[in-house]
Amino acid sequence: MSTAAEQTSGPTPSSYIQHHLTHFQSEHQHSIVDFSIINYDTVFYSLLAGIAAVMFLRFAAVRATSGVPGRFQSLVEMLVEMVEEQSKAIVHGDRSFIAPLALTVFMWVAFMNALDLLPLDLVPSIWERIAPMVGVDPSHAYMRIVPSADLNGTMGIALGVLILMLYYNLKIKGLGGFVHELFCAPFGSNPLLWAPNFILNLIEFAAKTVSLGMRLFGNMYAGELVFMLIALLGSAAALTGGGALAFVGHVLAGSVWAIFHILIVLLQAFIFMMLTLIYIGQAHQGH
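This structure is a prediction, so every number in the text was calculated from the model and none was measured.

A separate point is the overall build of the chain. Along its length, the chain carries 9 helices and 0 strands. Helices and strands appear in the chain in the N-to-C order α-α-α-α-α-α-α-α-α. The proportion of buried residues among the 287 residues of the chain is 39%. Taking the contacts inside the chain whose residues are at least 6 apart along the sequence as the reference set, 71% of them involve residues at least 24 apart. Accessible surface, the chain as shown: approximately 15900 Å² in total, 72% of it carbon and sulfur.

Here you go:
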């Protein structure tokens, strides 16, 4: 609940950041990751980004011609060739599903990350105006639009990659071969080593999954916080006497960080795609 001072002078920097870091969810969340609670905004914008990625690729496929390609078709063809080359170098086997999967992962994560480039207060302010129409208190109309800045979202994708790792281990090696590898690699098949082998393999699968989700979350969460701090600099420009210099700093910092953040958006999508390929490629190999 806001104090009288906050109501008259506006939110404090801490309350502003806290508001923007709160999800629109099924109930109050007590920790940064809680799988018992649904973050509606993460689910909605994840689906929205996925649909946008599919429509983007569908649009490119429909417009593709056999003649001299335009700039848009050339861009998409370069992207497809890049993914195909990476999948060919990493995965030795049937790539008829894996290469399109890698392309889908790259585009989906890139579109989710790109939502961070929208003006920070744009969507939340629109939601605050719409919220009363659907019975939501405007003062509690929280909205976070970057799914990859939510650990619940990134860990959900990482769990999907874990399922693919297990699937390809079973498909390539068979149930017997996979179980044998779990208990007999990497230290050997001596029965005394079965327990250490199995524990180490479980730790390896868990470490891959957790690091995959945490890496994407950490980078995007940090980028989101930087945008919030830059937005607070703009607020300081509007409220302080020496606001002109602060406003120039706000514009410059926001522009520079947005340009730099474009690289982060694409780089994190590329890293996530590459790690997905590497983990699936490892499932095609034996110890």
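From this point, the narrative continues.
The subject of this paragraph is empty space enclosed by the protein. On inspection of all chains with the given rule, the structure shows 1 cavity of 30 Å³ or more. Around the largest cavity sit 13 residues that line it, and Asp-116, Leu-120, Ile-145, Val-146 and Glu-224 are the ones nearest its centre. Residues belonging to the lining of the largest cavity are distributed by class as follows: 9 nonpolar, 1 polar and 3 charged.

Attention now moves to the packing of helix H4 (residues 71-90) against helix H5 (residues 98-114). Their axes nearest at 9 Å, the elements H4 and H5 cross at an angle of 125°. When the axis of H4 is compared with that of H5, the two are oblique. Here H4 and H5 pass one another in a crossing that is right-handed. Residues Leu-79, Val-80, Val-83, Glu-84 and Ser-87 of H4 lie in contact with H5, whose contacting residues are Ala-99, Ala-102, Leu-103, Phe-106 and Met-107. When its residues are assigned to classes, the contact of H4 with H5 shows 8 nonpolar, 1 polar and 1 charged.

Next up on the list: unusual backbone geometry. Here the residue pair Ala-185 and Pro-186 is connected by a cis peptide bond, since its omega of 10° sits within 30 degrees of zero. Within the fold, Pro-186 resides in the loop between helix H7 (151-184) and helix H8 (194-239).

Moving on to a nonpolar patch on the surface. A surface patch of nonpolar side chains, amounting to about 600 Å² of accessible area, comprises Ile-38, Tyr-40, Val-43, Leu-47, Ile-51 and Met-55. Tracing the sequence through the fold places Val-43 in helix H3 (residues 40-63). By relative accessible area, Val-43 is classed as partly exposed at 43%.

So, about the side chain of Thr-276. Residue position: Thr-276 is located in helix H9 (residues 243-283). Reaching out from Thr-276, the side chain makes a polar contact with the backbone oxygen of Phe-272 at a distance of 2.8 Å. Contacts of Thr-276, omitting those with residues within four sequence positions, involve Val-105 and Val-161.

Where H3 meets H4, the axes come as close as 10 Å, and the angle between the chain directions of the two elements is 115°. As for how H3 packs across H4, the hand of that crossing is left-handed. Seen from H3, the contacting residues are Phe-56, Phe-59, Ala-60 and Arg-63; seen from H4, they are Phe-72, Gln-73 and Val-76. For the contact of H3 with H4, a count of residues per class yields 5 nonpolar, 1 polar and 1 charged.

So, on to the pattern of salt bridges. With the rule as written, the count across this model stands at 4 salt bridges. The shortest N-O distance in the salt bridge between Lys-173 and Glu-181 comes to 2.7 Å. Judged by its relative accessible area of 13%, Glu-181 falls in the buried class.

So, about H3. Under the 1.5 Å per step criterion, the end-to-end length of H3 is 34 Å for 24 residues, consistent within 8% with the ideal 34 Å. On its buried side, H3 packs onto H4, H5, helix H6 (122-130) and H7.

A few words now on H6. The set of residues buried in H6 consists of Val-123, Pro-124 and Trp-127. Here the buried residues of H6 occupy an arc of 100° about the axis, which is enough to place them on one side.

Here we come to the nonpolar core. Core analysis: the biggest nonpolar cluster contains 53 residues, and Val-109, Leu-212 and Phe-272 have the highest contact counts within it. Every element with two or more residues in this core is listed here: H3, H4, H5, H6, H7, H8 and H9. At 11 residues, H9 tops the list of elements feeding residues into this core. By size, the runner-up hydrophobic cluster in this structure holds 6 residues, among which are Tyr-16, Ile-17, Met-228 and Ala-231.

Our next topic: the confidence of the model for the chain. Detailed reading of the predicted coordinates is not advisable wherever pLDDT is low. On average, residues of the chain score 86 in pLDDT, and 86% of them are at 70 or above. Ranking the elements of the chain by mean pLDDT puts helix H1 (residues 4-9) last with 44 and H5 first with 96.

For the rest of this paragraph, the subject is the packing of aromatic side chains. The description of an aromatic ring pair rests on the distance of the ring centres and on the angle between the ring planes. Within the structure shown, the criterion is met by 12 aromatic pairs. Taking 6.3 Å as the distance between ring centres and 85° as the angle between the ring planes, the aromatic pair formed by Phe-178 and Phe-205 counts as edge-to-face. Within this pair, whereas Phe-178 is found in helix H7, its partner Phe-205 is found in helix H8, the two being separated by 27 residues in sequence. The exposure class of Phe-178 is buried, given its relative accessible area of 8%.

Reading guide: rules and limits
Residues numbered from 1 in each chain as written. Predicted model: local features only at pLDDT ≥ 70, side-chain atom pairs only at ≥ 80, totals over all residues. Heavy atoms only, no water. Helix = DSSP H or I, 4+ residues; strand = E, 2+ residues; numbered from the N terminus. Buried < 20%, exposed > 50% of the residue type's maximum accessible area, 1.4 Å probe, protein only. Contact = heavy atoms within 4.5 Å. Areas by Shrake-Rupley, 256 points an atom, 1.4 Å probe, with all protein chains shown as cover. 1 Å grid on protein atoms, 1.4 Å probe; cavity = no way out; pocket = protein on both sides within 12 Å on 5 of 7 lines; lining within 4 Å. Points joined across faces, edges and corners; volume = space filled by probe spheres on them. Nonpolar A, V, L, I, M, F, W, Y, C, P; charged D, E, K, R; others polar. Axes fitted to C-alpha atoms, helices over the stretch in contact; angles between N-to-C directions. Parallel < 35°, antiparallel > 145°, perpendicular 65-115°, else oblique. Left-handed = near helix turned anticlockwise from the far one by under 90°. Patch = residues over 30% accessible without salt bridge, like charges linked within 9 Å, V, L, I, M, F, W, Y side chains within 5 Å. Salt bridge = Lys/Arg side-chain N within 4 Å of Asp/Glu carboxyl O. Polar contact = N/O pair within 3.5 Å; in protein donor to acceptor, adjacent residues only side chain to side chain. Expected span 1.5 Å × (residues − 1). Arc of directions from axis to C-beta. Core = buried A, V, L, I, M, F, W, Y, C linked by side-chain atoms within 4.5 Å. pLDDT = per-residue confidence, 0-100. Phe/Tyr/Trp six-rings, centres within 6.5 Å; stacked < 30°, edge-to-face > 60°.

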